[in-house]
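# Examination of the molecular architecture
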Amino acid sequence: MGKRASKNDDSRGGSPREQLWSTTFVLVVASTLCCFMAGQGLNSSTSVYVALYGGTAAYAGVLAAVFSGAAAVVRLLSGPLIDGRGRRIVMLFGFAVLIVGTVGPLFTHDVAPFVVFRILQGAGFSAVTTASATAAADALPASRMGEGIGYYGLGQALSMSVGPALALALVSTDPPENLFAGVTAIAVVGLSMIFLCRYEKHPEMLPKEAVYRRRLEEGGSEAAETTTSTAQSRMEGRPKRESIASRIFEKHALPGTLPMIVLSPALGFAIFFVGLYGASLGVGNAGLFYTLSAVSMILVRLKSGAFMDRFAPIVILPVALACGLVAFAMLIACGTVLDGAPVCDAVFNLSGIVYGFCTGIALPLNQSVAVKNTPPERWGAANALFQLAIDVGIGGACVIWGIVNDCFGFPVTICCAMCCIAASYFVARAVYPKE
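Before going into details, it helps to say that this report is about the structure given with it. As the structure is a computational prediction, the values presented were derived from the model and not from experiment.

In terms of helices and strands, the protein carries 16 helices and 2 strands. Buried positions account for 53% of the 435 residues belonging to the protein. In the protein, the share of contacts with a sequence separation of at least 24, taken over all contacts with a separation of at least 6, comes to 83%. Carbon and sulfur atoms provide 67% of the accessible area of the protein, an area that totals close to 19100 Å².

Oppositely charged side chains may form a pair once their charged atoms are brought near each other. The full count for this structure, using the stated rule, is 2 salt bridges. The partner of Arg 87 in a salt bridge is Asp 83, with the nearest N and O atoms 3.9 Å apart. As a salt-bridge pair, Arg 87 and Asp 138 come within 2.6 Å of each other at their nearest N and O atoms. Remark: Asp 138 occurs in helix 4 (residues 114-138) and Arg 87 occurs in helix 3 (residues 87-103); sequence separation between them is 51 residues. The class for Asp 138 is buried, based on a relative accessible area of 0%. Taken together, the shared-partner salt bridges connect Asp 83, Arg 87 and Asp 138 into one network.

Moving on to the packing of aromatic side chains. Under the criterion given, the structure shown has 17 aromatic pairs. Judged by centre distance (4.8 Å) and plane angle (50°), the ring pair of Tyr 277 and Phe 410 falls under tilted. Here Tyr 277, found in helix 11 (residues 254-281), pairs with Phe 410, found in helix 16 (residues 410-431); they are 133 residues apart in sequence, far enough to count as distant. Across the pair, Phe 410 and Tyr 277 agree in class, each one buried.

Residues Phe 25, Phe 95, Leu 98, Phe 114, Met 145 and Leu 179 are the most contacted members of the largest nonpolar core, which totals 59 residues. At the level of elements, helix 1 (23-52), helix 2 (57-85), helix 3, helix 4, helix 5 (145-152), helix 6 (154-171), helix 7 (178-195) and helix 8 (211-219) are the ones that each hand at least two residues to this core. No other element matches helix 4, which puts 11 residues into this core. If you look at the next biggest cluster of nonpolar residues, it comprises 51 residues, including Cys 358, Ile 394, Ala 397 and Ala 417.

Attention shifts here to helix 7. With 18 residues, helix 7 extends 26 Å from end C-alpha to end C-alpha; this agrees with the ideal 26 Å at 1.5 Å per step. When we look at burial in helix 7, the residues that qualify are Leu 179, Phe 180, Gly 182, Val 183, Thr 184, Ile 186, Ala 187, Gly 190, Leu 191, Met 193 and Ile 194.

Attention now goes to the packing of helix 13 (residues 313-334) against helix 16. In contact at an axis separation of 10 Å, helix 13 and helix 16 are set at 175° when each is read in the N-to-C sense. Taken together, the axes of helix 13 and helix 16 lie roughly antiparallel to each other. Between helix 13 and helix 16, the residues in contact are Ile 314, Leu 317, Pro 318, Leu 321, Gly 324, Leu 325, Phe 328, Ala 329, Leu 331 and Ile 332 and Pro 411, Ile 414, Cys 415, Ala 417, Met 418, Ile 421, Ser 424, Tyr 425, Ala 428 and Arg 429, respectively.

The next thing to look at is the environment of Pro 141. Mapped onto the elements, Pro 141 comes out in the loop between helix 4 and helix 5. Through-space distance from the C-alpha of Pro 141 to that of Pro 207 is 8.4 Å; in sequence the pair is 66 residues apart. Once residues within four sequence positions are removed from consideration, Pro 141 is found in contact with Glu 18, Gln 19, Leu 20, Glu 209, Ala 210 and Val 211.

Our focus in this paragraph is the state of the cysteines. Under the defined criterion, the tally for this structure stands at 0 disulfides. Cys 34 supplies the cysteine sulfur nearest to Cys 35, a cysteine that is in no disulfide, at a spacing of 8.6 Å.

Turning our eyes to something else, we now look at a nonpolar patch on the surface. A contiguous nonpolar patch, built from Val 48, Leu 52, Tyr 53 and Leu 168 and spanning about 310 Å² of accessible area, is present on the exposed surface. Structurally, the position occupied by Val 48 is in helix 1.

Glancing now at the environment of Val 371. Within the fold, Val 371 resides in helix 14 (residues 345-372). Residue classification places Val 371 among the buried positions, given a relative accessible area of 1%. Between the C-alpha atom of Val 371 and that of Ala 133, which follows or precedes it by 238 residues, the distance is 9.9 Å. Each residue touching Val 371, except ones within four places of it in the same chain, is listed here: Ala 137, Ile 149, Trp 379 and Asn 383.

Criteria and cut-off values
- Residues numbered from 1 in each chain as written.
- Predicted model: local features only at pLDDT ≥ 70, side-chain atom pairs only at ≥ 80, totals over all residues.
- Heavy atoms only, no water.
- Helix = DSSP H or I, 4+ residues; strand = E, 2+ residues; numbered from the N terminus.
- Buried < 20%, exposed > 50% of the residue type's maximum accessible area, 1.4 Å probe, protein only.
- Contact = heavy atoms within 4.5 Å.
- Areas by Shrake-Rupley, 256 points an atom, 1.4 Å probe, with all protein chains shown as cover.
- Salt bridge = Lys/Arg side-chain N within 4 Å of Asp/Glu carboxyl O.
- Phe/Tyr/Trp six-rings, centres within 6.5 Å; stacked < 30°, edge-to-face > 60°.
- Core = buried A, V, L, I, M, F, W, Y, C linked by side-chain atoms within 4.5 Å.
- Expected span 1.5 Å × (residues − 1).
- Axes fitted to C-alpha atoms, helices over the stretch in contact; angles between N-to-C directions.
- Parallel < 35°, antiparallel > 145°, perpendicular 65-115°, else oblique.
- Disulfide = S-S within 2.5 Å.
- Patch = residues over 30% accessible without salt bridge, like charges linked within 9 Å, V, L, I, M, F, W, Y side chains within 5 Å.

Next comes the structure, spelled out in structure tokens:
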């Protein structure tokens with residue numbers, strides 16, 4: 001009898017598949033989960049905390065903008081630092097800054113200093129998530145990059161479900177400062193994991209197929225690697241000494257970044273306005289939308305190996321965008337009236353499942369395109385630019401959506417978000433690599 005193929009064998013050729021789950025990759029994914037839980041929890045509960053101490057909704061909005069602005073600035077700066085100084089040092093620094101921003105409120109009940117705390121929280125969150133995305137790509141084999149980035153995104157998916165629920169529960173306790181004690185504890189756990197992530201000095205910690213280790217071995221030494229990078233830069237027509245702009249903005253990442261800029265406003269509506277929309281319709285538990293969307297994101301990313309690296313991105317993306325359009329159409333349907341009664345809450349909550357399929361595919365797919373299209377020595381800048389696009393798209397659109405909603409109502413706003421989803425497909429067709 002022939003030898004049975006192992007679970008790691010390639011289903012088409014029977015050859016062993018390259019290792020995906022290494023210790024380093026697990027540490028990066030777990031630390032990312034901690035960071036996103038802290039960030040998502042702070043974003044969902046800070047307004048509640050501020051209101052408890054007499055702050056206004058407008059001030060809470062300013063704090064949200066401050067967090068996003070600090071995150072965007074740090075993404076611009078962290079890309080060159082990640083490529084030049086290393087992934088681990090940036091992650092350690094980011095967690096340290098985040099912890100300072102969460103410990104501060106424990107020593108004051110005055111909401112005035114919260115602008116400073118939110119700046120620190122946004123800066124630390126941004127530094128960690130940008131560097132960890134690059135570290136995850138380092139630890140993956142090139143042939144399974146799309147699948148691995150999908151798994152990496154599980155940290156963000158889980159945080160959308162667990163982080164806000166935990167933070168809202170903590171801020172409702174006595175004293176409400178328990179929120180910051182809990183978030184700090186989560187960040188400390190993430191920081192401790194990064195201390196164990198030492199693959200840059202000890203590449204033997206990585207599997208033989210990992211991109212970072214193979215790049216070092218093929219280069220022979222850091223000097224040889226630098227020479228290779230320089231030669232490649234000359235072949236591409238880039239100058240020896242890059243300008244500050246070229247160090248921050250990685251043009252090779254644009255094929256994955258540009259579609260996300262167009263798609264992100266629709267994601268921003270879902271993040272910041274779906275809960276308010278559900279409350280306006282009288283939905284019993286609008287938060288269930290986020291929980292169900294997180295569950296479906298997790299499921300689709302667990303199955304991403306079946307399609308993410310086997311089909312062209314332009315073939316996969318329309319499926320994700322179609323799910324987004326269906327989800328938003330279901331939300332519009334929730335506002336209609338059938339026989340004098342609103343559409344049941346089930347339609348609202350089920351739309352979260354379909355929306356989760358959209359984000360669970362579209363985000364890692366575009367990030368994979370951005371990374372794969374960029375030289376490995378520039379992955380830090382590529383990830384920084386990609387995540388900056390999400391920050392700018394979501395943050396900028398939320399102001400616009402608020403104005404549109406005040407003037408025309410939720411159905412019109414949702415239709416505008418659907419136009420962004422559709423437009424992202426045409427942008428992708430124009431900029432995606434041919435191969």
